[in-house]
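So you can see what is in the structure, the chains are spelled out below.
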Amino acid sequence: MKLNISFSPDLVVLMRAEVAAGQKAVSTTMTQAGASLKSAWRAQITGAGLGQRLANTIRSQTYPKGRNSLDAAALVWSNAPVIIGAHDTGPLIRSGNGFWLAIPLPAAGKAMGGKRITPGMWEQKTGLRLRFVYRSRGPSLLVADAVRLNTRGQAAVSKSKTGRGQVTAPIFLLVRQVKLPKRLELARDAERALAAIPGSIVRNWVDDKLR
């Protein structure tokens, strides 16, 4: 006796279609999760008052690129990891040489290109010397003598022959260390995105089959 057994629909074709649907569901979910986490982190950064420019350093990418996979993964990162990491952890910052941290005051202005100015840059920019003022209570200072304050409150070279309008202006605060406040909670959003992945895979898988 000879028996011919066949399946309708074709079992192999059915399984291949199911695997393809699973691959698409996982890849779609990871793309959505990465985009969602990127948006959440960017919103945190702008909400903390750190600016859109820093927020835009947050990027996301799904792997493998260009194809669906059951092993798909999303990577979310920042192109400014040191700055983002500092605001996420709130570290204690000390001077690299073990002495003082110089914090510019409004009278210091900016360095060329709008960068944060240092005492050496300020002296080079103005041609003036800074004077150290020790204070037992409160931060010590670096001050500039016989300068004028321009309309923006920045110290500039005074050309007065009589000394009129000249002041001694505090240019930098000197501190031993400073605690950066923790302004971000990136792990919180990452945990939420991770927890939502299994349910999202199921929804995307089912929705694809119902189309």
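Above this note sits the structure.
This structure is a prediction, so every number in the text was calculated from the model and none was measured.

## What about the packing of aromatic side chains?
Step number 1: The full count for this structure, using the stated rule, is one aromatic pair.
Step number 2: Between Trp100 and Phe132, the aromatic rings sit 6.0 Å apart at their centres with planes inclined by 50°, giving tilted as the arrangement. Highlighted residues: Trp100 in the loop between β3 (92–94) and β4 (101–104) and Phe132 in strand β5 (residues 131–133), separated in sequence by 32 residues.
Step number 3: Its relative accessible area of 29% is what places Trp100 among the partly exposed residues.

## Examining helix α4 (residues 119–126)
Step number 1: When we look at burial in α4, the residues that qualify are Trp122, Glu123 and Thr126. The arc that holds the buried residues of α4, viewed along the axis, is 95°, so those residues lie on one side. In α4, the exposed positions that point more than 90 degrees away from the buried face belong to Gln124 and Lys125.
Step number 2: Next to the buried residues of α4 lie β6 (140–149), β7 (155–157) and β8 (167–175).

## A word on the pattern of salt bridges
Step number 1: Applying the stated criterion across every chain yields a total of five salt bridges.
Step number 2: Across the pair Glu123 and Arg129 runs a salt bridge, and its minimum N-O distance is 3.4 Å.
Step number 3: For Arg129, a relative accessible area of 68% puts it in the exposed group.
Step number 4: In this structure, Asp145 and Arg131 form a salt bridge, with 2.8 Å as the shortest nitrogen-oxygen distance. Placement of the pair is Asp145 in strand β6 and Arg131 in strand β5, with a sequence separation of 14 residues.
Step number 5: The partly exposed category is assigned to Asp145, whose relative accessible area is 35%.
Step number 6: For Arg131, a relative accessible area of 40% translates into the label partly exposed.

So, how was this worked out
Residues numbered from 1 in each chain as written. Predicted model: local features only at pLDDT ≥ 70, side-chain atom pairs only at ≥ 80, totals over all residues. Heavy atoms only, no water. Phe/Tyr/Trp six-rings, centres within 6.5 Å; stacked < 30°, edge-to-face > 60°. Helix = DSSP H or I, 4+ residues; strand = E, 2+ residues; numbered from the N terminus. Buried < 20%, exposed > 50% of the residue type's maximum accessible area, 1.4 Å probe, protein only. Arc of directions from axis to C-beta. Contact = heavy atoms within 4.5 Å. Salt bridge = Lys/Arg side-chain N within 4 Å of Asp/Glu carboxyl O.

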